[in-house]
Amino acid sequence: MRDNEFGARLKRIETQHSDKEDVFEGADRQKRRPRKKSGIGELRERVMPWVYGFIGMLIVGILVLEIDYSKSTTPPKANKEQYPIVQRVAKSLVALPKSTSNAVKEQTGPRIQARTGYRYSKFHSATTNHDPVEIARIWTGFKSSNADTPIDAIKPFQVNDTCQPRRPDAGEKVINVILETGGAGAPVQRLNHSDVIRAITKGVDHALDENKPWDKAPLFSPKMAVIDVSITDRSAPLYLVLQNTYGAKVWNIHAAEGVNIAHIVMIGHAAAGITGNIGKATFETLRGSDQGHGLEFHHFSENLSKYDCMTTPVRRPDDTWSAWSGSKTGNTLDGNLLYGYSKAHDAYAHWYRNALGVSPELNMVSASLAHHALIGEVPKEPLAPPANTQATWHIPVSELIYKGTDNSRASRIESLHNDLINAASAGDILSLTPRPIDLGQPPLESLAEVEGGLPTLFGVPIMSDSVADKVDPKQINYSRRITISATLPLETFLTNEERRPDAEVEELYVKMRAPRYMMRFCADTVIAIARKCGLVKTHVRKAAKGYRIRATFGYVPNYFIGRISRYSGDGFLRAFLPDTNLNNTYETPEKRQAFLKRIARVCEQLRAEFGNCVIGVANFDLARPSGYSGSAAKANAAGWVEIHSVDNPFEERLLAARAMEIFEQK
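Residues numbered from 1 in each chain as written. Predicted model: local features only at pLDDT ≥ 70, side-chain atom pairs only at ≥ 80, totals over all residues. Heavy atoms only, no water.

A. Just the overall build of the chain, in detail. Counting its regular elements, the chain contains 12 helices and 34 strands. In the chain, buried positions account for 47% of the 666 residues. Expressed as a percentage of contacts within the chain between residues at least 6 apart in sequence, the contacts between residues at least 24 apart total 77%. Carbon and sulfur atoms provide 52% of the accessible area of the chain, an area that totals close to 33200 Å². (Helix = DSSP H or I, 4+ residues; strand = E, 2+ residues; numbered from the N terminus. Buried < 20%, exposed > 50% of the residue type's maximum accessible area, 1.4 Å probe, protein only. Contact = heavy atoms within 4.5 Å. Areas by Shrake-Rupley, 256 points an atom, 1.4 Å probe, with all protein chains shown as cover.)

Quick look at the structure:
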């Protein structure tokens, strides 16, 4: 797609979702160009349903096996009286990770070559000359930091949100450690309420968009990793620049006796912490994500003036990367990888030199992955580990900082999520995706007479086109739908004694409670043309006054659709019927039902003339007139009637004129 076409499409999408006006898509197709079917096209139409049917049979068979298996493996349900309604859904409302550790897989050998450079084992240290050094050669009885490392105290500190760290003083020796990633799981985690709310909202939006049963909110449980740094360099006061690209890190300093650390700058896409025997060193952390530069390196520009504040560390590709040789032998993926990294590194190096006055590759320890880095020479004999290196952990300020074992931290974070979900749903998580309801009308044996029946394979219907969905006598689906939009205040969704929630969770409260509230329109509106009604999609967004709710209901008709003949070139033709009298508002159930019955009378007359008719779509806006794609009309209510016939734009034009003629009759 060309850039101008993409921009035009994006503009249309933004217009449709603007705060000023909702634009309904209406029927699946409003205007189209005439199309001519080739002989191959007709053959494809005849053959593809059989192909799809065969694939469908395979899927059905797999599902049957899955169901049989689940019946034999699913534990019995809990007693309804034993748990509150939320706990009957699941013991946890969040999807727990399979493992609470972020440690990487074990690798064989002290060092391996990867696409982005060397990766060192957890028993070996990265060095300035890339030679792996066994940690046992540096320290005696050394215990690498991990999730079980004890923490005596946590002291939060503020992130440096500027682009200027303290510059090295004269006489200070700059040491660069730059890793793409690494470290073992740290015994500490930091998170903010806003991040938890965002994660839960993401899961809720997915459920509302497809009206699927609650699939558990993703557990927002950001991990920190801890990297050990051994220092034996006593040659000068050290200015340490500890850098990593991916993930939040805690740098654990193990300085030998006589080492003098003057200052520590930690730079990463995420904020970093520091611990260990740092003496009287000052420290700071810069967070690349604050400056808006992402991790998609191929997007970086050659214009370095754009990157006067680029604080996400990126390593320069060199021949230690396996992608280096791959690119030279014609591997396009490797070439593209190096291209992106080299551009992003140039941007980072541009900022680094201006900010610190030296090269980011000065006295550099670099690796794709390492759990341990060595600054200085390997001692002739292993040293005794420094005492009291885990006394205080300096962690960037956050609303919540948890320390302890993996299990204890996971339990607290899980409880935080569950408490929020329970409160936002008013204790009824099941109402997020309510079940369809029967409207108390007698069922029809069938909704339509399809000549020759629907396409089948070995006696199983092939759901290969829109006809099957339109005439299905049981299923609630998007092919027959009624949309109701309203702007409602927050108080609509609160219980009598419930206090107003904090502003940052208001929208989550509304999203989790809107489906339950909107289901009332099944019984007071949709009932006019339906015997069964259920939500297929709910959309919620903040508006200037309150919240804009758009609920889309699928329905099973309480009327007979008619006779449908299947043949080459058949399809559904649609006619748009808006009520353009903007003085007609539809706040009451009686008015909404009257409009649906008016549309139904149009369909009844068309059925007598064409043999079939279905109300495909109806829209009501209870707050303001809405616009509709493919039409300049605005209306508080509109409908689309559909007939199955010869599928071409001329016949559809004739239908639209006839339907409007009937619709406007008094």
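B. View of the state of the cysteines. A complete count under the given rule lists 3 disulfides for this structure. At a sulfur-sulfur separation of 1.4 Å, the disulfide partner of Cys163 is Cys309. Here the disulfide of Cys163 and Cys309 is left-handed, its torsion about the S-S bond being about -75°. Of this pair, Cys163 sits in the loop between β7 (153–157) and β8 (173–181) while Cys309 sits in the loop between β17 (282–287) and α5 (322–328), and the two are 146 residues apart along the sequence. Classification of Cys163 by relative accessible area gives partly exposed; the value is 23%. Classification of Cys309 as buried rests on a relative accessible area of 15%. The disulfide partner of Cys603 is Cys613, and the S-S distance across this bridge is 1.9 Å. Its torsion about the S-S bond being -95°, the disulfide of Cys603 and Cys613 is classed as left-handed. Highlighted residues: Cys603 in helix α11 (residues 589–610) and Cys613 in the loop between α11 and β31 (614–621), separated in sequence by 10 residues. Judged on exposure class, the residue Cys603 and its partner Cys613 are both buried. Cysteine pairing for the chain (bonded cysteines numbered in sequence order): 1-2, 3-4, 5-6. (Disulfide = S-S within 2.5 Å.)

C. Focus on the nonpolar core. Counting residues in each nonpolar core, the largest one holds 86 residues, and the members touching the most others are Phe553 and Val641. Of the residues forming this core, the biggest block, 8 residues, is contributed by helix α9 (residues 503–518). Judged by nonpolar contacts, the second largest core, of 36 residues, contains Trp139, Phe157, Ile227 and Ile253. (Core = buried A, V, L, I, M, F, W, Y, C linked by side-chain atoms within 4.5 Å.)

D. Local environment of the packing of aromatic side chains. Under the criterion given, the structure shown has 17 aromatic pairs. Measuring from ring centre to ring centre gives 5.2 Å for Phe157 and Phe283, while their planes differ by 85°; the resulting arrangement is edge-to-face. Of this pair, Phe157 sits in strand β7 while Phe283 sits in strand β17, and the two are 126 residues apart along the sequence. For Phe157, a relative accessible area of 11% puts it in the buried group. Among the aromatic residues, those joined into a cluster by ring pairs are Phe297, Phe300, Tyr307, Trp321 and Tyr341. For Arg520, the ring lying beneath its charged end belongs to Tyr517, and the centroid distance is 3.7 Å. (Phe/Tyr/Trp six-rings, centres within 6.5 Å; stacked < 30°, edge-to-face > 60°. Lys NZ or Arg CZ within 6 Å of the ring centre and 35° of its normal.)

E. Summary view of helix α12 (residues 649–663). Look at α12: 21 Å from first C-alpha to last across 15 residues, which is about the 21 Å you get at 1.5 Å a residue. Glu652, Leu655, Ala659, Ile662 and Phe663 are the residues of α12 that are buried. Around the axis of α12, the buried residues are gathered within 95° of arc, so they sit on the same side. What points out from α12, more than 90 degrees from its buried face, is the exposed set Phe650 and Arg653. (Expected span 1.5 Å × (residues − 1). Arc of directions from axis to C-beta.)

F. The arrangement of the sheet that holds strand β26 (residues 481–488) in detail. With respect to topology, 7 strands assemble into an open sheet ordered β22-β27-β28-β26-β31-β34-β30, the strand pairing being mixed. Looking at the sheet topology across the chains shown, the edges are occupied by β22 (437–438) and β30 (570–578). Against the sheet, α9 touches β26, β27 (530–542) and β28 (547–557), its axis set at about 165° to β27. (Pairing = 2+ DSSP bridges. Axes fitted to C-alpha atoms, helices over the stretch in contact; angles between N-to-C directions.)

G. Expanded view of the pattern of salt bridges. Evaluation of the coordinates by the stated rule reveals 22 salt bridges. With a closest N to O distance of 3.4 Å, Arg166 and Asp169 form a salt bridge. Owing to a relative accessible area of 27%, Arg166 belongs among the partly exposed residues under this scheme. On the basis of relative accessible area, Asp169 is assigned to the partly exposed category, the value being 43%. Here Glu491 makes a salt bridge to Arg500, at a shortest N to O gap of 2.4 Å. (Salt bridge = Lys/Arg side-chain N within 4 Å of Asp/Glu carboxyl O.)

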